[in-house]
Amino acid sequence: MEWLALKFNLGPKPLADTQIAFQFARIVMASARAGLFEALRDSGRTAEEVSRLCGTHPVATSKMLDALLANDYLGFRRGHYELNRLSRKWLLSDSPSTVVHKLDFQEIEWRWTEEFDRLLRDGTPRNMHETLTGNEWRRYQWGMRDFSTAPARELAWRARLPRHARTLLDVGRSHGFYSVALCRRYPELKATVLELPEALPAAAEILARENMADRVAHMAGNVVNADLGTAVYDVVLIANLVHHFDEEQNNQLASKVARALRPGGIYIVLDAIRISSPAEAHRPGNRLGAVLDVYFALTSRAGTWSFPAIQDWQQAAGLVTRRPIWLRTMPGAAMVSATKPR
(Lines give C-alpha, C1' and ligand atoms only; values in the text may rest on other atoms or scores of the structure.)
Protein backbone atom coordinates (compact mmCIF):
# COMPACT_ATOMS: atom_id res chain seq x y z
CA MET A 1 0.00 0.00 0.00
CA GLU A 2 2.86 2.37 0.76
CA TRP A 3 4.41 1.61 -2.64
CA LEU A 4 1.09 2.17 -4.41
CA ALA A 5 0.52 5.45 -2.58
CA LEU A 6 3.86 6.76 -3.80
CA LYS A 7 3.50 5.24 -7.28
CA PHE A 8 0.20 7.01 -7.92
CA ASN A 9 1.17 10.23 -6.14
CA LEU A 10 -1.37 9.73 -3.37
CA GLY A 11 1.17 10.11 -0.57
CA PRO A 12 3.86 12.79 -0.18
CA LYS A 13 6.97 11.32 -1.83
CA PRO A 14 9.07 14.34 -0.70
CA LEU A 15 8.49 13.27 2.91
CA ALA A 16 9.29 9.64 2.17
CA ASP A 17 12.54 10.75 0.51
CA THR A 18 13.48 13.11 3.34
CA GLN A 19 11.96 12.68 6.79
CA ILE A 20 11.61 8.88 6.74
CA ALA A 21 14.83 8.36 4.78
CA PHE A 22 17.11 10.49 6.94
CA GLN A 23 15.60 9.32 10.23
CA PHE A 24 15.86 5.65 9.35
CA ALA A 25 19.37 6.18 8.00
CA ARG A 26 20.44 7.46 11.41
CA ILE A 27 18.70 4.50 13.09
CA VAL A 28 20.74 2.04 11.00
CA MET A 29 23.98 3.96 11.61
CA ALA A 30 23.38 4.25 15.37
CA SER A 31 22.39 0.59 15.67
CA ALA A 32 25.54 -0.57 13.87
CA ARG A 33 27.76 1.69 15.98
CA ALA A 34 26.17 0.47 19.23
CA GLY A 35 26.62 -3.18 18.25
CA LEU A 36 22.95 -4.20 18.07
CA PHE A 37 23.58 -6.43 15.05
CA GLU A 38 26.69 -7.98 16.62
CA ALA A 39 24.62 -8.84 19.71
CA LEU A 40 22.41 -11.04 17.51
CA ARG A 41 25.31 -12.74 15.74
CA ASP A 42 25.05 -16.17 17.40
CA SER A 43 21.38 -16.42 18.34
CA GLY A 44 18.11 -14.60 18.63
CA ARG A 45 17.67 -12.42 21.71
CA THR A 46 15.03 -10.34 23.44
CA ALA A 47 15.30 -6.56 23.46
CA GLU A 48 16.32 -6.71 27.12
CA GLU A 49 19.15 -9.15 26.35
CA VAL A 50 20.41 -6.99 23.49
CA SER A 51 20.28 -3.93 25.75
CA ARG A 52 22.36 -5.65 28.45
CA LEU A 53 24.96 -6.91 25.97
CA CYS A 54 25.37 -3.50 24.31
CA GLY A 55 25.04 -1.33 27.41
CA THR A 56 22.21 0.63 25.82
CA HIS A 57 18.96 1.99 27.25
CA PRO A 58 16.35 -0.83 27.31
CA VAL A 59 13.35 1.18 26.07
CA ALA A 60 15.32 2.94 23.33
CA THR A 61 16.87 -0.39 22.29
CA SER A 62 13.43 -1.96 21.96
CA LYS A 63 12.24 0.92 19.77
CA MET A 64 15.35 0.73 17.56
CA LEU A 65 14.93 -3.03 17.11
CA ASP A 66 11.27 -2.59 16.17
CA ALA A 67 12.20 0.04 13.56
CA LEU A 68 14.80 -2.30 12.08
CA LEU A 69 12.28 -5.16 12.10
CA ALA A 70 9.60 -3.07 10.40
CA ASN A 71 12.05 -2.14 7.63
CA ASP A 72 13.20 -5.73 6.99
CA TYR A 73 16.59 -5.50 8.66
CA LEU A 74 15.75 -8.13 11.28
CA GLY A 75 13.52 -11.13 11.83
CA PHE A 76 11.40 -11.94 14.90
CA ARG A 77 10.49 -15.39 16.20
CA ARG A 78 9.23 -16.68 19.56
CA GLY A 79 9.82 -13.33 21.24
CA HIS A 80 13.39 -13.00 19.98
CA TYR A 81 14.90 -10.62 17.42
CA GLU A 82 17.30 -12.30 15.01
CA LEU A 83 19.50 -11.46 12.05
CA ASN A 84 18.09 -12.07 8.58
CA ARG A 85 20.05 -12.58 5.34
CA LEU A 86 20.39 -8.84 4.76
CA SER A 87 21.81 -7.94 8.15
CA ARG A 88 24.04 -11.02 8.37
CA LYS A 89 25.64 -10.22 5.00
CA TRP A 90 26.10 -6.45 5.33
CA LEU A 91 26.06 -5.54 9.04
CA LEU A 92 28.43 -7.90 10.82
CA SER A 93 31.91 -6.43 11.05
CA ASP A 94 33.75 -9.58 9.96
CA SER A 95 31.48 -10.43 7.03
CA PRO A 96 33.31 -10.37 3.67
CA SER A 97 30.61 -7.94 2.47
CA THR A 98 30.40 -5.74 5.58
CA VAL A 99 29.50 -2.06 5.24
CA VAL A 100 29.80 -1.30 8.96
CA HIS A 101 32.90 0.86 8.49
CA LYS A 102 31.21 2.77 5.65
CA LEU A 103 28.25 3.50 7.93
CA ASP A 104 30.72 4.87 10.48
CA PHE A 105 32.33 7.18 7.91
CA GLN A 106 28.89 8.37 6.83
CA GLU A 107 28.68 10.30 10.09
CA ILE A 108 31.41 12.55 8.63
CA GLU A 109 29.77 12.63 5.20
CA TRP A 110 26.50 13.59 6.90
CA ARG A 111 28.13 16.78 8.18
CA TRP A 112 29.50 17.51 4.73
CA THR A 113 26.07 17.36 3.10
CA GLU A 114 24.88 20.18 5.34
CA GLU A 115 26.79 22.35 2.83
CA PHE A 116 24.36 21.58 -0.03
CA ASP A 117 22.48 24.83 0.61
CA ARG A 118 25.65 26.84 0.26
CA LEU A 119 26.68 24.86 -2.86
CA LEU A 120 23.36 25.72 -4.46
CA ARG A 121 23.96 29.41 -3.82
CA ASP A 122 27.58 29.80 -4.90
CA GLY A 123 28.56 26.54 -6.65
CA THR A 124 31.93 26.45 -4.90
CA PRO A 125 33.38 23.06 -3.85
CA ARG A 126 34.87 22.63 -0.40
CA ASN A 127 37.51 19.93 -1.15
CA MET A 128 36.52 18.12 2.03
CA HIS A 129 39.37 15.61 1.83
CA GLU A 130 41.81 18.37 2.64
CA THR A 131 40.08 18.90 6.01
CA LEU A 132 40.27 15.29 7.28
CA THR A 133 42.06 14.68 10.57
CA GLY A 134 44.23 11.61 11.13
CA ASN A 135 41.39 9.68 12.75
CA GLU A 136 38.97 10.75 10.00
CA TRP A 137 41.43 9.54 7.34
CA ARG A 138 41.41 6.17 9.05
CA ARG A 139 37.60 6.04 9.12
CA TYR A 140 37.56 7.16 5.47
CA GLN A 141 39.94 4.39 4.37
CA TRP A 142 37.97 1.70 6.20
CA GLY A 143 34.73 3.08 4.76
CA MET A 144 36.09 2.99 1.21
CA ARG A 145 37.31 -0.54 1.87
CA ASP A 146 33.73 -1.62 2.65
CA PHE A 147 32.40 0.32 -0.33
CA SER A 148 34.78 -1.50 -2.68
CA THR A 149 34.56 -5.17 -1.71
CA ALA A 150 31.66 -6.20 -3.97
CA PRO A 151 32.59 -4.10 -7.05
CA ALA A 152 36.24 -5.21 -6.73
CA ARG A 153 35.22 -8.84 -7.08
CA GLU A 154 32.96 -8.01 -10.01
CA LEU A 155 35.62 -5.97 -11.76
CA ALA A 156 38.14 -8.80 -11.40
CA TRP A 157 35.81 -11.18 -13.24
CA ARG A 158 34.42 -8.83 -15.88
CA ALA A 159 37.40 -6.68 -16.86
CA ARG A 160 39.25 -8.22 -19.81
CA LEU A 161 42.95 -7.70 -19.09
CA PRO A 162 45.76 -8.56 -21.50
CA ARG A 163 46.28 -12.31 -21.37
CA HIS A 164 49.69 -12.21 -19.73
CA ALA A 165 49.29 -8.98 -17.76
CA ARG A 166 52.08 -8.65 -15.19
CA THR A 167 52.03 -5.05 -13.95
CA LEU A 168 49.10 -3.04 -12.58
CA LEU A 169 49.03 0.56 -11.38
CA ASP A 170 46.06 1.14 -9.07
CA VAL A 171 45.61 4.89 -8.62
CA GLY A 172 43.97 6.22 -5.48
CA ARG A 173 42.39 3.06 -4.03
CA SER A 174 44.67 2.88 -1.04
CA HIS A 175 42.98 -0.09 0.66
CA GLY A 176 44.13 -2.15 -2.34
CA PHE A 177 40.96 -4.23 -2.67
CA TYR A 178 40.76 -3.81 -6.44
CA SER A 179 44.42 -4.79 -6.78
CA VAL A 180 43.96 -7.79 -4.49
CA ALA A 181 40.93 -9.03 -6.42
CA LEU A 182 42.70 -8.65 -9.78
CA CYS A 183 45.89 -10.32 -8.56
CA ARG A 184 43.90 -13.27 -7.26
CA ARG A 185 42.20 -13.54 -10.64
CA TYR A 186 45.42 -13.17 -12.67
CA PRO A 187 48.26 -15.22 -11.12
CA GLU A 188 51.10 -13.40 -12.95
CA LEU A 189 49.92 -9.92 -11.98
CA LYS A 190 51.63 -7.65 -9.46
CA ALA A 191 50.19 -4.29 -8.40
CA THR A 192 51.43 -0.92 -7.23
CA VAL A 193 48.89 1.23 -5.39
CA LEU A 194 49.62 4.96 -5.77
CA GLU A 195 48.07 6.96 -2.92
CA LEU A 196 48.46 10.18 -0.95
CA PRO A 197 50.92 9.89 1.96
CA GLU A 198 48.30 10.81 4.57
CA ALA A 199 46.16 7.84 3.53
CA LEU A 200 48.87 5.21 3.80
CA PRO A 201 48.94 4.42 7.56
CA ALA A 202 45.35 3.13 7.61
CA ALA A 203 45.70 1.72 4.09
CA ALA A 204 48.68 -0.41 5.08
CA GLU A 205 46.71 -1.78 8.04
CA ILE A 206 43.79 -2.74 5.79
CA LEU A 207 45.94 -4.27 3.06
CA ALA A 208 47.99 -6.33 5.54
CA ARG A 209 44.85 -8.33 6.41
CA GLU A 210 44.76 -9.71 2.84
CA ASN A 211 48.21 -11.41 3.06
CA MET A 212 49.17 -10.14 -0.40
CA ALA A 213 52.31 -8.17 0.48
CA ASP A 214 54.37 -10.10 -2.07
CA ARG A 215 52.14 -8.95 -4.93
CA VAL A 216 50.48 -5.67 -3.87
CA ALA A 217 52.56 -2.73 -2.59
CA HIS A 218 51.94 0.94 -1.82
CA MET A 219 53.71 3.91 -3.34
CA ALA A 220 53.22 7.40 -1.87
CA GLY A 221 52.42 10.16 -4.32
CA ASN A 222 49.81 12.36 -5.97
CA VAL A 223 48.81 11.28 -9.46
CA VAL A 224 48.22 14.91 -10.45
CA ASN A 225 51.95 15.67 -10.40
CA ALA A 226 53.50 12.18 -10.36
CA ASP A 227 55.56 10.83 -13.24
CA LEU A 228 53.98 7.49 -14.14
CA GLY A 229 56.83 6.51 -16.44
CA THR A 230 56.84 5.21 -20.01
CA ALA A 231 55.65 1.74 -21.14
CA VAL A 232 55.74 0.43 -17.56
CA TYR A 233 52.27 -1.06 -16.94
CA ASP A 234 49.96 -3.56 -18.59
CA VAL A 235 46.96 -2.18 -16.68
CA VAL A 236 46.18 1.20 -15.12
CA LEU A 237 43.06 1.29 -12.96
CA ILE A 238 41.54 4.51 -11.66
CA ALA A 239 38.51 3.65 -9.54
CA ASN A 240 36.20 6.23 -7.96
CA LEU A 241 38.69 9.04 -8.50
CA VAL A 242 38.10 10.98 -11.73
CA HIS A 243 35.17 12.75 -10.05
CA HIS A 244 37.78 14.59 -7.97
CA PHE A 245 39.38 16.18 -11.07
CA ASP A 246 38.25 18.81 -13.56
CA GLU A 247 38.25 18.23 -17.32
CA GLU A 248 41.75 19.58 -17.90
CA GLN A 249 43.19 17.40 -15.15
CA ASN A 250 41.43 14.30 -16.47
CA ASN A 251 42.75 14.96 -19.98
CA GLN A 252 46.28 15.31 -18.61
CA LEU A 253 45.81 12.17 -16.54
CA ALA A 254 44.67 10.15 -19.56
CA SER A 255 47.77 11.31 -21.47
CA LYS A 256 50.06 10.22 -18.63
CA VAL A 257 48.29 6.88 -18.40
CA ALA A 258 48.60 6.29 -22.15
CA ARG A 259 52.33 6.99 -21.96
CA ALA A 260 52.72 4.67 -18.97
CA LEU A 261 50.92 1.76 -20.67
CA ARG A 262 52.73 -0.88 -22.66
CA PRO A 263 51.36 -1.56 -26.17
CA GLY A 264 48.20 -3.61 -25.80
CA GLY A 265 47.74 -2.34 -22.23
CA ILE A 266 44.38 -1.24 -20.84
CA TYR A 267 43.22 1.89 -19.01
CA ILE A 268 40.17 1.22 -16.81
CA VAL A 269 38.11 4.03 -15.31
CA LEU A 270 35.54 2.85 -12.77
CA ASP A 271 33.18 5.47 -11.40
CA ALA A 272 29.59 6.57 -10.97
CA ILE A 273 28.30 7.88 -14.28
CA ARG A 274 26.69 11.27 -14.85
CA ILE A 275 23.64 11.38 -17.11
CA SER A 276 24.50 12.82 -20.54
CA SER A 277 21.20 14.70 -20.78
CA PRO A 278 17.97 15.13 -18.80
CA ALA A 279 16.32 12.68 -21.22
CA GLU A 280 18.35 9.90 -19.58
CA ALA A 281 17.42 10.77 -16.01
CA HIS A 282 14.82 8.01 -15.56
CA ARG A 283 16.81 5.19 -17.14
CA PRO A 284 17.71 2.33 -14.77
CA GLY A 285 20.88 2.94 -12.79
CA ASN A 286 20.98 6.71 -13.24
CA ARG A 287 19.58 7.68 -9.84
CA LEU A 288 22.84 7.09 -7.99
CA GLY A 289 25.00 8.82 -10.58
CA ALA A 290 22.80 11.90 -10.54
CA VAL A 291 22.86 12.17 -6.73
CA LEU A 292 26.61 11.58 -6.54
CA ASP A 293 27.11 14.24 -9.22
CA VAL A 294 25.84 16.79 -6.69
CA TYR A 295 27.76 15.25 -3.79
CA PHE A 296 31.11 15.23 -5.60
CA ALA A 297 30.50 18.73 -6.93
CA LEU A 298 30.48 19.74 -3.26
CA THR A 299 33.34 17.60 -1.96
CA SER A 300 35.80 17.80 -4.86
CA ARG A 301 36.21 19.65 -8.13
CA ALA A 302 33.72 18.48 -10.69
CA GLY A 303 31.23 15.76 -9.88
CA THR A 304 30.65 12.57 -11.83
CA TRP A 305 31.38 12.35 -15.56
CA SER A 306 29.39 10.94 -18.49
CA PHE A 307 30.44 8.11 -20.80
CA PRO A 308 31.20 10.50 -23.69
CA ALA A 309 33.39 12.71 -21.48
CA ILE A 310 35.49 9.81 -20.16
CA GLN A 311 35.87 8.28 -23.61
CA ASP A 312 36.87 11.66 -25.07
CA TRP A 313 39.83 11.80 -22.62
CA GLN A 314 40.86 8.28 -23.57
CA GLN A 315 40.56 8.86 -27.32
CA ALA A 316 42.42 12.18 -27.15
CA ALA A 317 45.29 10.28 -25.51
CA GLY A 318 45.44 7.89 -28.47
CA LEU A 319 43.63 4.98 -26.82
CA VAL A 320 40.93 2.82 -28.41
CA THR A 321 37.76 2.77 -26.33
CA ARG A 322 35.73 -0.32 -25.49
CA ARG A 323 32.03 -0.69 -24.80
CA PRO A 324 31.33 0.45 -21.20
CA ILE A 325 30.17 -2.16 -18.69
CA TRP A 326 27.58 -1.27 -16.08
CA LEU A 327 28.29 -2.80 -12.67
CA ARG A 328 25.69 -5.01 -11.05
CA THR A 329 27.13 -4.59 -7.54
CA MET A 330 27.34 -0.78 -7.69
CA PRO A 331 24.19 0.48 -9.48
CA GLY A 332 24.90 3.69 -11.36
CA ALA A 333 28.61 2.93 -11.77
CA ALA A 334 30.43 1.47 -14.76
CA MET A 335 33.81 0.43 -16.13
CA VAL A 336 34.94 2.57 -19.04
CA SER A 337 37.99 0.95 -20.62
CA ALA A 338 40.36 1.72 -23.48
CA THR A 339 43.41 -0.05 -24.90
CA LYS A 340 46.74 1.20 -26.20
CA PRO A 341 47.32 0.15 -29.82
CA ARG A 342 50.14 -2.32 -30.38
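Right above here is the structure, for reference.
Throughout what follows, the structure given in this document is the object of discussion. (Residues numbered from 1 in each chain as written. Predicted model: local features only at pLDDT ≥ 70, side-chain atom pairs only at ≥ 80, totals over all residues. Heavy atoms only, no water.)

1. Details of the nonpolar core
Right, so step 1: Core analysis: the biggest nonpolar cluster contains 33 residues, and Leu-155, Leu-161, Leu-182 and Ile-268 have the highest contact counts within it.
Right, so step 2: Going through the elements one at a time, helix H9 (134-158), helix H10 (177-185), strand E4 (190-195), helix H11 (200-208), strand E6 (233-239), strand E7 (261-272) and strand E10 (333-339) are the ones with two or more residues in this core.
Right, so step 3: Of all the elements, H10 adds the most residues to this core, at six residues.
Right, so step 4: Ignoring anything within four residues of it in the chain, the contact list for Leu-155 reads Tyr-178, Leu-182, Leu-237, Ile-268, Leu-270 and Met-335.
Right, so step 5: By size, the runner-up hydrophobic cluster in this structure holds 32 residues, among which are Val-171, Leu-228, Ile-238 and Phe-245. (Core = buried A, V, L, I, M, F, W, Y, C linked by side-chain atoms within 4.5 Å. Buried < 20%, exposed > 50% of the residue type's maximum accessible area, 1.4 Å probe, protein only. Helix = DSSP H or I, 4+ residues; strand = E, 2+ residues; numbered from the N terminus. Contact = heavy atoms within 4.5 Å.)

2. Observations concerning the pairing of E4
Right, so step 1: By the bridge criterion, five bridges tie strand E3 (residues 167-171) to E4 in an arrangement that is parallel. Counterpart to Val-171 in the pairing with E4 is Leu-194.
Right, so step 2: Note on the crossover from E3 through H10 to E4: the handedness is right-handed.
Right, so step 3: As judged from the five bridges shared by E4 and strand E5 (residues 216-220), these two strands associate in the parallel manner. Within the sheet, the bridge partner assigned to Val-193 lies in E5 and is His-218. (Pairing = 2+ DSSP bridges. Right-handed = clockwise from strand over helix to strand, strands pointing away.)

3. Re the packing of aromatic side chains
Right, so step 1: With the rule as written, the count across this model stands at eight aromatic pairs.
Right, so step 2: Between the aromatic rings of Trp-305 and Trp-313, the centroid separation amounts to 5.2 Å while the plane-to-plane angle is 80°, which identifies the pairing as edge-to-face. For the pair Trp-305 and Trp-313, a shared accessibility class is recorded, and that class is buried.
Right, so step 3: Between the aromatic rings of Phe-307 and Trp-326, the centroid separation amounts to 5.1 Å while the plane-to-plane angle is 70°, which identifies the pairing as edge-to-face. Highlighted residues: Phe-307 in helix H14 (residues 307-316) and Trp-326 in strand E9 (residues 325-326), separated in sequence by 19 residues.
Right, so step 4: Among the residues examined, Trp-326 registers a relative accessible area of 36% and is labelled partly exposed.
Right, so step 5: When the ring centre of Trp-110 is taken as reference, the NZ or CZ atom of Arg-26 above it lies at 4.7 Å.
Right, so step 6: Lying across the ring of Trp-305, Arg-274 places its NZ or CZ 5.0 Å from the centre. (Phe/Tyr/Trp six-rings, centres within 6.5 Å; stacked < 30°, edge-to-face > 60°. Lys NZ or Arg CZ within 6 Å of the ring centre and 35° of its normal.)

4. What to know about the side chain of Arg-215
Right, so step 1: Summarising the element assignment, Arg-215 is placed in the loop between H11 and E5.
Right, so step 2: No salt bridge is formed by the buried Arg-215; the nearest opposite charge belongs to Asp-214, separated by 5.6 Å.
Right, so step 3: Here the side chain of Arg-215 touches Tyr-186 through a polar contact of 2.8 Å, landing on its backbone oxygen.
Right, so step 4: Polar contacts involving the side chain of Arg-215 include one to the main-chain carbonyl oxygen of Pro-187, which spans 3.2 Å.
Right, so step 5: For Arg-215, the contacting residues outside a window of four places in its chain are Cys-183, Tyr-186, Pro-187, Glu-188, Leu-189, Lys-190 and Ala-191. (Lys, Arg positive; Asp, Glu negative; His and termini not counted. Salt bridge = Lys/Arg side-chain N within 4 Å of Asp/Glu carboxyl O. Polar contact = N/O pair within 3.5 Å; in protein donor to acceptor, adjacent residues only side chain to side chain.)

5. With respect to the pattern of salt bridges
It is possible for side chains bearing opposite charge to pair when their charged atoms get close.
Right, so step 1: In total, this model carries 18 salt bridges according to the counting rule given.
Right, so step 2: With its nearest N and O atoms 3.4 Å apart, the salt bridge here joins Glu-82 to Arg-77.
Right, so step 3: Note that Arg-274 is salt-bridged to Asp-293, the shortest N-O span being 3.3 Å. Of this pair, Arg-274 sits in the loop between E7 and helix H13 (286-299) while Asp-293 sits in helix H13, and the two are 19 residues apart along the sequence.
Right, so step 4: The class of Arg-274 is partly exposed, set by a relative accessible area of 25%.
Right, so step 5: Counted as one network, the salt bridges with shared partners bring together Arg-33, Asp-104, Glu-107 and Arg-139.

6. Overview of H13
Note: α-helices contain 3.6 residues per turn, so residues at a spacing of three or four share the same orientation.
Right, so step 1: For H13, spanning 14 residues, the distance from its first C-alpha to its last is 20 Å, which sits close to the expected 20 Å at 1.5 Å a residue.
Right, so step 2: All of the buried residues in H13 are Asn-286, Gly-289, Leu-292, Asp-293, Tyr-295, Phe-296, Leu-298 and Thr-299.
Right, so step 3: Residues of H13 that are buried make contact with helix H7 (100-113), helix H8 (116-122), E7 and E9. (Expected span 1.5 Å × (residues − 1).)

7. Comments concerning the layout of surface pockets
Empty space left among the atoms is revealed by rolling a probe the size of a water molecule over them.
Right, so step 1: When its volume is computed, the second largest pocket comes out at roughly 580 Å³.
Right, so step 2: Lining the second largest pocket we find 28 residues, and of these His-129, Leu-196, Asn-222, His-244 and Phe-245 sit closest to its centre.
Right, so step 3: Looking at the lining of the second largest pocket, the elements that each hand over two or more residues are H9 and E4.
Right, so step 4: By residue number, the principal contributor to the lining of the second largest pocket is H9, which donates four residues.
Right, so step 5: When the residues that make up the lining of the second largest pocket are grouped by side-chain class, the tally is 11 nonpolar, 12 polar and five charged. (1 Å grid on protein atoms, 1.4 Å probe; cavity = no way out; pocket = protein on both sides within 12 Å on 5 of 7 lines; lining within 4 Å. Points joined across faces, edges and corners; volume = space filled by probe spheres on them. Nonpolar A, V, L, I, M, F, W, Y, C, P; charged D, E, K, R; others polar.)

8. Let's talk about the environment of Leu-92
Right, so step 1: Structurally, Leu-92 can be placed in the loop between helix H6 (85-90) and H7.
Right, so step 2: Each C-alpha atom of the pair Leu-92 and Ala-39 lies 9.7 Å from the other, and the pair is 53 residues apart in sequence.
Right, so step 3: Beyond its immediate stretch of four places on either side in the chain, Leu-92 contacts Phe-37, Glu-38, Arg-41, Leu-83, Ser-87, Thr-98 and Val-100.

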